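An overview of the molecular structure
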Amino acid sequence: MSFYWVKTNTFIKKIFYKYCWDIPNNEKKIYLTFDDGPTPQVTDWVLAELKKHNAKATFFCIGKNIDSNPELFQKIKSENHSIGNHTMNHINGWKSETSEYIKNVKKCAEILSQKYLTKSLLFRPPYGKIKKEQSKILLKLGYKIIMWDVLSADFDQKISPERCLKNVTKNVKPGSVIVFHDSVKASPNLKFALPRTLSFLKEKGYVFDVLN
């Protein structure tokens, strides 16, 4: 991902209005989300940080990572966080045939429902890249396609941990859907930015809610 918006452009939200970018409200609710887990050590650490602040979040999990780390996935569930589908193999919708893409989403859904008795109609496309025909099918199947209002860019190893923190604190507003990643690649930025983000949001009176 060489180009990205830290703060999603309003024009983009209007064009792709069928996707969920934020959930405006008057209660200062915000929605923390974590992509790409569960990842040993990283996800454990995230869960511990969330617990310190009594914060709930939504985890968009990759199917193969769920299968590789079943106990860690169950821990996310047991701590009452929300679960979303992030495909089976983190595939790029722009580079995939529609039939292959939908099959990959369904495979993750099957693992969630059959192995872990978890039904989720929350879906986030890896990289935020999804073709119109792919989204059309998923919306017909009842999925909510969750994008974001604020991207921490913790995955970007070219930015400093301080910049990662500012990406969130300078752009958050009531209703923001905020993206972090519970992955090894993102962990250096994440481990600096997340605790400070949680403290900042709490001090500003924000309330942490889950997507459903």
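Please refer to the structure higher up on the page.
Procedures and definitions
Residues numbered from 1 in each chain as written. Predicted model: local features only at pLDDT ≥ 70, side-chain atom pairs only at ≥ 80, totals over all residues. Heavy atoms only, no water. Core = buried A, V, L, I, M, F, W, Y, C linked by side-chain atoms within 4.5 Å. Buried < 20%, exposed > 50% of the residue type's maximum accessible area, 1.4 Å probe, protein only. Helix = DSSP H or I, 4+ residues; strand = E, 2+ residues; numbered from the N terminus. Pairing = 2+ DSSP bridges. Salt bridge = Lys/Arg side-chain N within 4 Å of Asp/Glu carboxyl O. Axes fitted to C-alpha atoms, helices over the stretch in contact; angles between N-to-C directions. Parallel < 35°, antiparallel > 145°, perpendicular 65-115°, else oblique. Left-handed = near helix turned anticlockwise from the far one by under 90°. Contact = heavy atoms within 4.5 Å. Phe/Tyr/Trp six-rings, centres within 6.5 Å; stacked < 30°, edge-to-face > 60°. Lys NZ or Arg CZ within 6 Å of the ring centre and 35° of its normal. Expected span 1.5 Å × (residues − 1). Polar contact = N/O pair within 3.5 Å; in protein donor to acceptor, adjacent residues only side chain to side chain.

Here we come to the nonpolar core. Counting 64 residues, the largest nonpolar core has Leu32, Phe34, Leu50, Phe59, Leu138 and Phe180 as its most contacted members. Top contributing element to this core by residue count: helix H5 (residues 98-116), with eight residues.

Here we take up the pairing of strand E2 (residues 58-61). Burial along E2 is two-sided: the face carrying Thr58 and Phe60 and the face carrying Phe59 and Cys61 are both buried. Judged from the three bridges that link them, strand E1 (residues 29-35) and E2 form a sheet pairing that is parallel. Counted as the bridge partner of Thr33 is Thr58 from E2. Pairing of E2 with strand E3 (residues 82-85), which is carried by four bridges, proceeds in the parallel orientation.

The next subject is the pattern of salt bridges. One pass over the full model with this rule turns up eleven salt bridges. The residue Glu49 makes a salt bridge to Lys52 at a minimum N-O spacing of 2.9 Å. With Glu49 and Lys52 both in helix H2 (residues 42-52), this residue pair falls three residues apart, about one helical turn. Under the relative-accessibility criterion, Lys52 is labelled exposed at 60%. Through salt bridges with shared partners, a single network forms among Lys7, Lys13, Asp22, Asp149 and Lys173.

Between H5 and helix H6 (residues 132-140), whose axes approach to 9 Å, the crossing angle comes to 40°. Taken together, the axis directions place H5 and H6 in an arrangement best described as oblique. The interaxial crossing formed by H5 with H6 has right-handed handedness. The segment H5 lies against H6, with Thr98, Tyr101, Ile102 and Val105 engaging Glu133, Gln134, Ile137 and Leu138.

The subject of this paragraph is the packing of aromatic side chains. Counting across every chain of the model gives eight aromatic pairs. Summarising the aromatic geometry, the rings of Tyr4 and Phe155 are spaced 5.2 Å apart at their centres and angled 75° between planes, so their arrangement reads as edge-to-face. Residue Tyr4 is found in the segment before helix H1 (10-15), and its partner Phe155 is found in the loop between strand E6 (150-151) and helix H7 (161-169); the two are separated by 151 residues along the sequence. Phe155 shares its class with Tyr4; the two are buried. Between Tyr101 and Phe123, the aromatic rings sit 6.2 Å apart at their centres with planes inclined by 85°, giving edge-to-face as the arrangement. Note that Tyr101 is positioned in helix H5 and Phe123 in strand E4 (residues 122-123), a separation of 22 residues in sequence. Taken as a pair, Tyr101 and Phe123 share a single burial class, namely buried. Grouped by ring-pair contacts, the aromatic residues Phe16, Tyr19 and Trp21 constitute a single cluster. Above the plane of the ring of Tyr206 lies Lys28, whose end atom (NZ or CZ) is 4.6 Å from the centre.

On to the environment of Thr58, then. In this fold, Thr58 is placed in strand E2. By relative accessible area, which is 0% here, Thr58 ends up buried. Those residues in contact with Thr58 that lie beyond four places of it in its chain are Leu32, Thr33, Phe34, Ser82, Leu122, Val210 and Leu211.

As a further point, take H5. Taking 1.5 Å of rise per residue, 19 residues should cover 27 Å, and H5 covers 26 Å from first to last C-alpha, within 8% of that figure. Among the residues making up H5, those that are buried are Thr98, Tyr101, Ile102, Asn104, Val105, Cys108, Ala109, Ile111, Leu112 and Tyr116. The secondary structure elements touched by the buried residues of H5 are E2, helix H3 (63-68), helix H4 (70-78), E3, E4 and H6. Backbone geometry just after H5 places Leu117 at a positive phi near 50°.

Assignment of secondary structure puts Ser176 in the loop between H7 and strand E7 (177-181). A relative accessible area of 0% means that Ser176 is categorised as buried. A polar side-chain atom of Ser176 sits 2.5 Å from a polar atom in the side chain of Asp149. The residues touching Ser176, leaving out its near neighbours within four places in the chain, are Lys7, Asp22, Lys29, Ile30, Tyr31, Asp149, Val150 and Asn171.

The values are spatial; any link to function lies outside them.
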